[in-house]
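Inside the fold
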Amino acid sequence: DPEEHGPVDGAPPSKIAVVGAGIGGSATAHFLRQHFGPEVQVDVFEKGEVGGRLATVTVNHNDYESGGSIIHSLNLHMQEFVKQLGLKYRRNVAGKMAVFNGEEMILEETDWYLLDLFRLWWRYGISFIRLQMWVEEIMEKFMRIYKYQAHGYAFSSVEELLDSLGGSGFINMTRRPLSDSLLELGVSQRFIDEVIAPVMRINYGQNVSIPAFVGAVSLAGAQNNLWAVEGGNKLVCSGLLKMASANLLEAQVNSISPIHSGEGLQYQLSFTTATGTASELYDIVVLATPLQASVGSGVQFQGFTPPFDELPGSYHSTVATIVHGYLNTSFFGFPDPRLFPFASVLTTDTPDLFFNSVASVCPVNISAGFRRKQPQEAGVYKVFSPQLLEKFQLKTLFRSYYSVQVTEWQAYPRYSSSQRLPPVELHPNLYYLNGIEWAGSAMEMSSVAAKNIALLAYHRWNRQTDMVDQRDLVHRIKTEL
Ligand SMILES: Cc1cc2nc3c(=O)[nH]c(=O)nc-3n(C[C@H](O)[C@H](O)[C@H](O)COP(=O)(O)OP(=O)(O)OC[C@H]3O[C@@H](n4cnc5c(N)ncnc54)[C@H](O)[C@@H]3O)c2cc1C
Ligand SMILES: CC(C)=CCC/C(C)=C/CC/C(C)=C/CSC[C@H](N)C(=O)O
């Protein structure tokens, strides 16, 4: 009901709450400040660590990313944050990749690009060219969002946002399995089994039946133009909160209820801090954390029914195990570690294989002369697996080790092609950011959603309906310029 958005006299909101200080919540605080100006109070509630799923662990005096680690060169919001915050890029240190099927390496990268290309062509025909063109085309359409957002356009749902970028084709990609889309494109089943499936396993711990849209995001994350933030990706979150002059409250939000008073519509947030429970009133609230029961945000809605009973679906559990030790290269068919040239090993979808990938990792601070450790030396490796690794499994992958650090993540949605995308607007001035993860979960996706919600909240508050869910933006923007 438009009557319930901002006041008719055009007064700005005085207090806005953001729940969650991951990249989604921090970026929201930053964009809210940009759009609503310096006067509004922005409170950010965080029950755990700033950064959320962007986190590091310390091994042998160095820090390593244990959650979200890589950023695409065309992820322009992340790039802009790093620039504005005066942070530095950390380029990917090159390393060769192989695919293991539980018995042997079925694909091995070499030092010779042309040889690799020839091998790919020999084994899979032109599947890899078709795939590359498909991902490029999707990326090109995805990039439209930056123009739309720069012109101030917002979308009231993830479907509207996707539709504006790639029409019904993009929405359909969230509803059909990746394998179907690729087969239709003429990509061979062998290529899907031996290349696509391993990429889906390392990036989302799932298989090729995940929806095509998130499949394309995952494939973009397997390209070679990737980077990270020097010092750790989570520095972006703390930096954005600071730049936005947001008040960080170390508190768990327990409930949200709408209150109608002389002030108009407000939301009462009740929350628990180290010293007890309290509550505050806000004009606008943004929830920047997954609300699925399996993730356990603990937020209850009181006094109104959001547009869902309980959000359907659950989050996929992925275990990141960081091991400092000696890789057991014999397990991969290389008895002599000096002859093992790979920095990362991906795996095919093979029953009984207990891990998705193992990769040598670089610390978040790399000095100029940094080089990856050779397999005959002790190095730091990240293993992704669906379950906690048992001791015998660690002993299978490593000849010996000094330390093991385990992070069990409710990592990203457990994707299915029949899942509908969650709503963005839960009540007139109450917004939900993490529905976008059901299209694709990545730092940039949360950043795009953050910008969208800040714009949407601003236009709704000011009753600017002509800036929301506008059609034919490609053409409109051309003529606006
Ligand atoms: C192992 C792993 C690897 C990944 N790799 C990549 C990658 O390489 N590249 C990439 O782009 N993406 C990657 N991702 C995905 C990416 O990390 C996420 O999409 C992104 O970080 C999500 O950010 P968010 O802010 O939306 O959510 P979160 O980071 O989950 O933030 C939500 C925050 O809300 C807080 N919170 C929850 N409930 C409450 C409450 N009631 N009160 C107060 N606070 C609350 C939580 O503590 C949390 O800090 C990876 C994820 C994982 C787990
Ligand atoms: C949003 C767009 C257009 C592109 C993002 C591409 C990207 C960076 C995807 C990564 C997705 C993801 C969840 C990766 C997880 S694992 C990452 C890495 N291999 C690791 O070892 O940590």
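See the structure shown above.
Residues numbered from 1 in each chain as written. Chains lettered and ligands numbered in written order. Predicted model: local features only at pLDDT ≥ 70, side-chain atom pairs only at ≥ 80, totals over all residues. Heavy atoms only, no water.

1. Section: the site of ligand 2
The local shell around ligand 2 holds 15 residues, among which Ser69, Ile70, Asn203, Lys382 and Phe384 are the closest. The side chain of serine 69 places a nitrogen or oxygen atom 2.6 Å from an oxygen atom of ligand 2. A distance of 3.3 Å is found between an oxygen atom of ligand 2 and a side-chain nitrogen or oxygen belonging to lysine 382. The protein chains hide 89% of the 610 Å² of surface that ligand 2 would expose on its own. For the shell around ligand 2, the elements supplying multiple residues, two or more each, are helix H4 (127-142), helix H8 (189-204) and strand S19 (379-385). (Near = heavy atom within 4 Å. Polar contact = N/O pair within 3.5 Å; in protein donor to acceptor, adjacent residues only side chain to side chain. Areas by Shrake-Rupley, 256 points an atom, 1.4 Å probe, with all protein chains shown as cover. Helix = DSSP H or I, 4+ residues; strand = E, 2+ residues; numbered from the N terminus.)

2. Quick word on empty space enclosed by the protein
In this approach a probe as big as a water molecule rolls over the atoms, and the regions it shows empty are the leftover space. All told, the structure shown has 2 cavities of 30 Å³ or more when counted by the stated rule. Approximately 60 Å³ is the volume attributed to the largest cavity. Every residue lining the largest cavity is listed: Ser157, Val158, Leu161, Val424, Tyr432, Leu433, Ile436, Ala449, Asn452 and Ile453. For the lining of the largest cavity, the element with the most residues is helix H12 (residues 443-461), which contributes 3 residues. Taken together, the residues that form the lining of the largest cavity break down as 8 nonpolar, 2 polar and no charged. Counted as a void, the second largest cavity has a volume near 30 Å³. (1 Å grid on protein atoms, 1.4 Å probe; cavity = no way out; pocket = protein on both sides within 12 Å on 5 of 7 lines; lining within 4 Å. Points joined across faces, edges and corners; volume = space filled by probe spheres on them. Nonpolar A, V, L, I, M, F, W, Y, C, P; charged D, E, K, R; others polar.)

3. With respect to the packing of helix H7 (residues 178-185) against H8
Running from N to C, H7 and H8 point in directions that differ by 140°, and their axes come no closer than 11 Å. With respect to H8, the element H7 is oriented oblique. Note that H7 runs across H8; the crossing there is right-handed. Note on element contacts: H8 touches H7 through Gln189, Ile192, Ile196 and Met200, opposite Leu178, Ser179, Leu182 and Leu183. Class assignment for the residues of the contact of H7 with H8 results in 6 nonpolar, 2 polar and no charged. (Axes fitted to C-alpha atoms, helices over the stretch in contact; angles between N-to-C directions. Parallel < 35°, antiparallel > 145°, perpendicular 65-115°, else oblique. Left-handed = near helix turned anticlockwise from the far one by under 90°. Contact = heavy atoms within 4.5 Å.)

4. A word on the site of ligand 1
Among the 37 residues in the neighbourhood of ligand 1, the closest are listed as Gly24, Glu46, Arg53, Ile70 and Ser297. The separation between an oxygen atom of ligand 1 and a polar main-chain atom of isoleucine 23 is 3.1 Å. One of the side-chain N or O atoms of arginine 53 is found 2.8 Å from an oxygen atom in ligand 1. Burial of ligand 1 by the protein amounts to 92% of the accessible area it has alone, namely 1000 Å². The set of elements that each furnish at least two residues to the shell around ligand 1 consists of helix H1 (23-36), strand S2 (41-46), strand S11 (252-261), strand S20 (398-413) and H12. By residue class, the composition of the shell around ligand 1 is 17 nonpolar, 16 polar and 4 charged.

5. Comments concerning the sheet that holds S2
Pairing is mixed across the open sheet formed by 6 strands, whose spatial order is S10-S2-S1-S14-S22-S21. Because the sheet does not close on itself, it has two edges, and the strands there are strand S10 (247-250) and strand S21 (425-427). If you compare each strand with its neighbour and ignore which way they point, the axes differ by 20° on average. As paired strands, strand S1 (residues 15-19) and S2 are joined by 5 bridges and run parallel to one another. Paired with valine 19 across the strands is phenylalanine 45, a residue of S2. Packed on one face of the sheet, H1 meets S1, S2 and strand S14 (284-287) and runs near 160° to S1. Here H12 sits on the sheet and contacts S14, S21 and strand S22 (430-432); the angle it forms with S22, its principal contact strand, is near 160°. (Pairing = 2+ DSSP bridges.)

6. Let's talk about the sheet that holds strand S12 (residues 264-273)
Strands belonging to one sheet form pairs held by backbone hydrogen bonds; the direction of such a pair is parallel or antiparallel. Overall, mixed pairing links the 4 strands, which are arranged S13-S12-S11-S15 in an open sheet. Either end of the sheet is taken by a strand with one partner, and the two such strands are strand S13 (276-282) and strand S15 (300-301). Alignment of S11 against S15, held across 2 bridges, turns out to be parallel. Directly across from isoleucine 256, in S15, lies its bridge partner phenylalanine 301.

7. Notes on unusual backbone geometry
Located in the positive-phi region is asparagine 60, a residue other than glycine, with phi close to 50°. Counting through the fold element by element, asparagine 60 comes out in the loop between strand S3 (56-59) and strand S4 (62-65). Given a relative accessible area of 48%, asparagine 60 falls into the partly exposed group. In this model, aspartate 352 sits at a positive phi of 75°, which is unusual for a non-glycine residue. Mapping aspartate 352 onto the fold places it in the loop between strand S17 (342-347) and strand S18 (357-360). (Buried < 20%, exposed > 50% of the residue type's maximum accessible area, 1.4 Å probe, protein only.)

8. Side note on the pairing of strand S7 (residues 96-100)
With 4 of 5 residues buried, S7 is to be regarded as a mostly interior element. When S7 meets S17, the two strands line up parallel, connected through 5 bridges. In the sheet register, phenylalanine 100 faces S17, and the bridge partner there is threonine 347. Here S7 folds back onto strand S8 (residues 105-108) in antiparallel fashion, the turn holding 4 residues, of which glycine 102 has a positive phi close to 100°.

9. Some points on H1
Its 14 residues give H1 an end-to-end C-alpha distance of 20 Å, which sits within 8% of 20 Å, the value for a rise of 1.5 Å per residue. Burial within H1 is extensive, with 12 of its 14 residues counted as buried. Where H1 is buried, its residues contact S1, S2, helix H2 (76-84), helix H10 (235-243), S14 and H12. Directly after H1, the chain includes glycine 37, whose backbone phi takes a positive value near 90°. (Expected span 1.5 Å × (residues − 1).)

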